Amino acid sequence: MASRNFPTTSGFFCAYRVEVKYREMVPEIAEPHLEQLAAQVRESSSLCVLDGDDIVYVARASTRRIMSASITVGTRFPAHLTSVGRVVLADLPEEELEARLARTDLRPYTSRTLTSASAVRAELRRVGRQGHALVDQELEEGLRSVAAPVRDRDGTVVAGVNIAVHAGRHCVESVRRDLLPHLLATVARIEADLRITGPARPGRLPRGRGRRRERPVHGFDV
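Chemist: How should I be thinking about helix 5 (residues 172–197) in this particular structure?
Modeler: What sets the pattern is the α-helix's 3.6 residues per turn: residues three or four places apart point alike. End to end, helix 5 covers 35 Å across 26 residues, agreeing with the expected 38 Å (1.5 Å per residue, within 8%). Considering bend angle alone, the principal kink of helix 5 is centred on Leu179 and spans about 45°; proline Pro181 follows within four residues of it. The complete set of buried residues in helix 5 reads Val172, Ser174, Val175, Leu179, Leu180, Leu183, Thr186, Val187, Ile190, Glu191 and Leu194.

Here's what the structure looks like:
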């Protein structure tokens, strides 16, 4: 019988170790940039990664605001509902994206939530073209966020960075005008650091145990 070649166990664990190290390294690289961004715009900023169908917060720089904290490292939300989730989803191959949309619970969280696959698909295409996402009170009333993708040295989106604000402090126009330029500059600095220190194509984050918010909790740290 002819021999057959199978992937070696050692090769699998080697790739897994690289992926885990990369997963740990990206938040470490991003954290000082997030702190600088939060200080510049006086709003909270976070780094998130895709884990299954959720976005998981892996690094965060918070500002002191009247509203109490309800987002910490490890918090997770459905990816399609968040700006940072959309910049990651927009980079997925079409076949994978369609499979995700087919199993996504598109219930409304607010009156502004996109609740059809066609609407989410169209928005993700727009996000892909413009290079950032802005979500206006779809996850929770009063919460606006803007996000941009973080790419590794191969151009693959490995994470996203967002700025979250209260709708009473920033209208949609001021988010684009006053916050987005700082966000894009921060992402560029993170990507520059990743190009120097990061391995190529580590793969997607394995499913973890972060705590997912099944429903939005009032009182975001924004």
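Chemist: Looking at this structure, I do not really get the nonpolar core. What am I missing?
Modeler: Most often, soluble globular proteins have nonpolar side chains that are buried together. Counting 29 residues, the largest nonpolar core has Leu47, Val146, Val150, Val161, Ile163 and Leu183 as its most contacted members. Going through the elements one at a time, helix 1 (9–41), strand 1 (44–51), strand 2 (54–61), strand 5 (143–151), strand 6 (157–166) and helix 5 are the ones with two or more residues in this core. Among the nonpolar cores identified, the runner-up in size contains 26 residues, and Ile55, Ile71, Val88 and Ala133 belong to it.

Chemist: Teacher, can you tell me more about the layout of surface pockets here?
Modeler: A water-sized probe rolled over the atoms picks out the places where empty space is left. Roughly 230 Å³ of volume is contained in the second largest pocket. As for the second largest pocket, its lining consists of 18 residues, of which Asp53, Pro78, His80, Thr104 and Asp105 are closest to the centre. The element contributing the most residues to the lining of the second largest pocket is helix 3 (residues 94–103), with 4 residues. In the lining of the second largest pocket, the residues fall into 8 nonpolar, 3 polar and 7 charged.

Rules behind the numbers
- Residues numbered from 1 in each chain as written.
- Predicted model: local features only at pLDDT ≥ 70, side-chain atom pairs only at ≥ 80, totals over all residues.
- Heavy atoms only, no water.
- Helix = DSSP H or I, 4+ residues; strand = E, 2+ residues; numbered from the N terminus.
- Expected span 1.5 Å × (residues − 1).
- Bend = angle between axes of the 7 residues up to and from the residue.
- Buried < 20%, exposed > 50% of the residue type's maximum accessible area, 1.4 Å probe, protein only.
- Core = buried A, V, L, I, M, F, W, Y, C linked by side-chain atoms within 4.5 Å.
- 1 Å grid on protein atoms, 1.4 Å probe; cavity = no way out; pocket = protein on both sides within 12 Å on 5 of 7 lines; lining within 4 Å.
- Points joined across faces, edges and corners; volume = space filled by probe spheres on them.
- Nonpolar A, V, L, I, M, F, W, Y, C, P; charged D, E, K, R; others polar.

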